[in-house]
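The primary structure of each chain is shown beneath.
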Amino acid sequence: MVTVKELKPYHIKVDSEYIHIILAYQYFNISIDESVYKFVPVDAKKITVNRKTKQIMNMKAKFAFQKGKEIIHIAMTDLIFIPEFLIQIHLIADPYYLEDLPTKKSNDEITEIIDELEQLNVKRLIDRALDEKDETAFRQLVKYL
């Protein structure tokens, strides 16, 4: 059985689309049947995560782990089935995920909001005309309703 003993990034690089979690020797260890294997940067050296979808992008990556002179290679497709691995990756990447931004309003929605604001403004001006007992302003403003 494979378990993740330790997973800490050596460095995190973030661009507009991806989070690149760079790995180094002593920061990534796995346990296979109670034997601890340490990550060695022979093959893949980083994990790339999409900032919007939160998906791991480099699924074809293979990571090398060493115990003494024995080196084993584990594919990303195998690592993602280890719950601790996914939990650690998402904990590391979480501060860098992009939040869903509100979508732009359509022109129809904007026009509707402007019309509503204009109607509210006319009602306020009518209230002011009534407070000031300005009959001329009142009659002109009522036409806009």
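Residues numbered from 1 in each chain as written. Predicted model: local features only at pLDDT ≥ 70, side-chain atom pairs only at ≥ 80, totals over all residues. Heavy atoms only, no water.

S.K.: Just checking my understanding: could you explain the packing of helix H3 (residues 107-131) against helix H4 (residues 135-142) for this structure?
M.R.: Two quantities define a packed helix pair, namely the angle between the axes and the distance from one axis to the other. Closest axis-to-axis distance for the H3/H4 pair is 8 Å, and the angle between their directions is 160 degrees. As far as their axial angle goes, H4 and H3 are roughly antiparallel. Crossing geometry of H3 relative to H4 is assigned as left-handed. Contacts from Val122, Leu125, Ile126, Ala129 and Leu130 of H3 reach H4 at Ala137, Phe138, Leu141 and Val142. Here the residues of the contact of H3 with H4 sort into 9 nonpolar, no polar and no charged. (Axes fitted to C-alpha atoms, helices over the stretch in contact; angles between N-to-C directions. Helix = DSSP H or I, 4+ residues; strand = E, 2+ residues; numbered from the N terminus. Parallel < 35°, antiparallel > 145°, perpendicular 65-115°, else oblique. Left-handed = near helix turned anticlockwise from the far one by under 90°. Contact = heavy atoms within 4.5 Å. Nonpolar A, V, L, I, M, F, W, Y, C, P; charged D, E, K, R; others polar.)

S.K.: In this structure, what is going on with the sheet that holds strand S3 (residues 18-22)? I would like to understand it.
M.R.: Strand pairs in the sheet, formed through backbone hydrogen bonds, run parallel or antiparallel to each other. Strand order in this open sheet of 3 strands is S2-S3-S6, and the pairing throughout is antiparallel. A strand with exactly one partner marks an edge of an open sheet, and here the two such strands are strand S2 (11-14) and strand S6 (46-50). Geometrically, the sheet is characterised by an average inter-axis angle of 20 degrees between neighbouring strands, direction not taken into account. As judged from the 5 bridges shared by S3 and S6, these two strands associate in the antiparallel manner. Paired with Ile19 across the strands is Val49, a residue of S6. (Pairing = 2+ DSSP bridges.)

S.K.: Could you clarify how one ought to interpret a negative patch on the surface in this entry?
M.R.: A cluster of acidic side chains, namely Asp108, Glu109, Glu112, Asp115, Glu116 and Glu118, defines a negative patch on the protein surface. Judged by relative accessible area, Glu118 falls into the partly exposed class, the value being 46%. (Patch = residues over 30% accessible without salt bridge, like charges linked within 9 Å, V, L, I, M, F, W, Y side chains within 5 Å. Areas by Shrake-Rupley, 256 points an atom, 1.4 Å probe, with all protein chains shown as cover. Salt bridge = Lys/Arg side-chain N within 4 Å of Asp/Glu carboxyl O. Lys, Arg positive; Asp, Glu negative; His and termini not counted. Charge placed at Lys NZ, Arg CZ, Asp CG, Glu CD. Buried < 20%, exposed > 50% of the residue type's maximum accessible area, 1.4 Å probe, protein only.)

S.K.: It is not clear to me how the environment of Ala44 should be interpreted in this structure. Could you clarify?
M.R.: On the secondary structure map, Ala44 appears in the loop between strand S5 (35-40) and S6. Ala44 gets classed as buried once you look at its relative accessible area, which sits at 14%. In this structure the C-alpha to C-alpha distance between Ala44 and Phe28, which are 16 residues apart in sequence, comes to 13 Å. Setting aside anything within four residues of it in sequence, one finds Ala44 in contact with Phe39, Ala61, Lys62 and Phe63.

S.K.: Teacher, can you tell me more about the side chain of His20 here?
M.R.: Within the secondary structure layout, His20 lies in strand S3. Exposure remark for His20: the relative accessible area of 9% places this residue in the buried category. Within the structure, the side chain of His20 is placed 3.1 Å from the side chain of Asp15, a separation counted as a polar contact. Side chain to side chain, His20 and Thr48 meet in a polar contact 3.5 Å long. Each residue touching His20, except ones within four places of it in the same chain, is listed here: His11, Ile12, Lys13, Asp15, Lys46, Ile47 and Thr48. (Polar contact = N/O pair within 3.5 Å; in protein donor to acceptor, adjacent residues only side chain to side chain.)

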